[in-house]
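Chains, contacts and geometry: an overview
These are the residues of each chain, in order.
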Amino acid sequence: MIHIPIFLREIKKFFFPSSCILGNFTIVDCTAGEGGHTFSFLDFSSKVRVIALEIDSEQVVEIQKRRRKLNISQERLKVFNLSYSQIEEVVSFTGWTVEAILFDLGISS
Ligand SMILES: C[S@@+](CC[C@H](N)C(=O)[O-])C[C@H]1O[C@@H](n2cnc3c(N)ncnc32)[C@H](O)[C@@H]1O
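Our subject in this report is the structure included herewith.

What counts, and at which threshold
Throughout this document, residue positions are counted from 1 along each chain, in the order its sequence is written. Local features in a predicted model are, by the rule used here, given only for residues with pLDDT of at least 70; side-chain atom pairs are given and counted only at 80 or more, and totals for whole chains, interfaces and linings are based on all residues. Each residue gets a C-beta atom placed from its backbone. Should that atom fall within 6 Å of a molecule or strand, the residue is termed near it. Polar here means any residue outside two lists: the nonpolar Ala, Val, Leu, Ile, Met, Phe, Trp, Tyr, Cys and Pro, and the charged Asp, Glu, Lys and Arg; Gly therefore counts as polar. Numbered from the N terminus, helices here are DSSP runs of H or I no shorter than four residues, and strands are runs of E no shorter than two. With C-beta atoms placed from the backbone, a residue is buried if 20 or more other C-beta atoms are within 10 Å of its own, exposed if 12 or fewer are, and partly exposed between those counts. Think of it this way: build a C-beta for each residue from its backbone, and any pair within 7 Å is a contact. Here, a nonpolar core means buried Ala, Val, Leu, Ile, Met, Phe, Trp, Tyr and Cys residues linked by C-beta atoms lying within 7 Å of one another. What makes two strands pair is DSSP finding at least two bridges between them. Only C-alpha atoms enter the line fits that serve as axes; for helices the fit covers just the stretch in contact. Angles between N-to-C directions range over 0 to 180 degrees.

A look at the site of the ligand
- In the vicinity of the ligand, 21 residues are found, and the nearest of them are Pro5, Thr31, Gly33, Gly36 and Asp104.
- Here the shell around the ligand is built from residues that sort into six nonpolar, 11 polar and four charged.

Right under this line is the structure:
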């Protein structure tokens, strides 16, 4: 069953108040899960980049499969099988400047 990302419309409205994005807009999805929020952000604009953190390796495999299927390069989506407790190291590793951070701490059902 496909997981429906929670508050997706509200979060996108908050992150992207205007449909016009001038430069790169980088989001850290700290609990990427199946990638519901992540792929929706990437779909919003080609200027959006996502650093996805997910502790569950099976979910990470699924996100990578979906990334390849959608032909999204690792220049736009970097996926790490790590805990959000390592956010600082991960962001520093990517060298990207971050504009927004999402924690979806709900339970997937
Ligand atoms: C509600 S789900 C996220 C769903 C996701 N936003 C989506 O749209 O598909 C929460 C996710 O957080 C992950 N998680 C739990 N603890 C974590 C941690 N310390 N670091 C990173 N991910 C974690 C879980 O494995 C689960 O996949």
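Let us keep going from here.
Structural notes on the environment of proline 5
- Take proline 5: it is sitting in the segment before helix 1 (8-15).
- Among the residues examined, proline 5 registers 21 C-beta atoms within 10 Å and is labelled buried.
- Placed 28 residues apart in sequence, proline 5 and glycine 33 show a C-alpha to C-alpha distance of 9.5 Å.
- The residues contacting proline 5, other than those within four sequence positions of it, are Gly36, His37 and Ser40.

With respect to the environment of valine 79
- Note on placement: valine 79 falls in strand 3 (residues 77-80).
- C-alpha separation for the pair valine 79 and valine 50, spaced 29 residues apart in sequence, amounts to 8.2 Å.

With respect to the nonpolar core
- Of all hydrophobic cores here, the largest spans 17 residues; its most connected members are Ile27, Leu42, Val50, Ala52 and Leu53.
- In this structure leucine 53 touches Val28, Asp29, Cys30, Ala32, Phe80, Leu82, Ser83, Tyr84, Ile87 and Val90, once residues within four positions along its chain are discounted.

Comments concerning the sheet that holds strand 4 (residues 100-102)
- The parallel open sheet is built from four strands, whose spatial order is 3-2-1-4. The open sheet is flanked by strand 3 and strand 4, the only strands paired with a single partner. Each strand of the sheet is rotated relative to its neighbour by a mean of 15°, with strand direction disregarded.
- In the sheet, strand 2 (residues 48-53) pairs with strand 3 via four bridges, with the strands oriented parallel. What sits directly across from leucine 53, in strand 3, is phenylalanine 80.
- Of the strands in this sheet, strand 1 (25-29), strand 2, strand 3 and strand 4 touch helix 2 (residues 36-44), which is tilted by about 170° from strand 2.
- Set on the sheet, helix 4 (residues 87-94) makes contact with strand 1, strand 2 and strand 3; between it and strand 2 the angle comes to about 140°.

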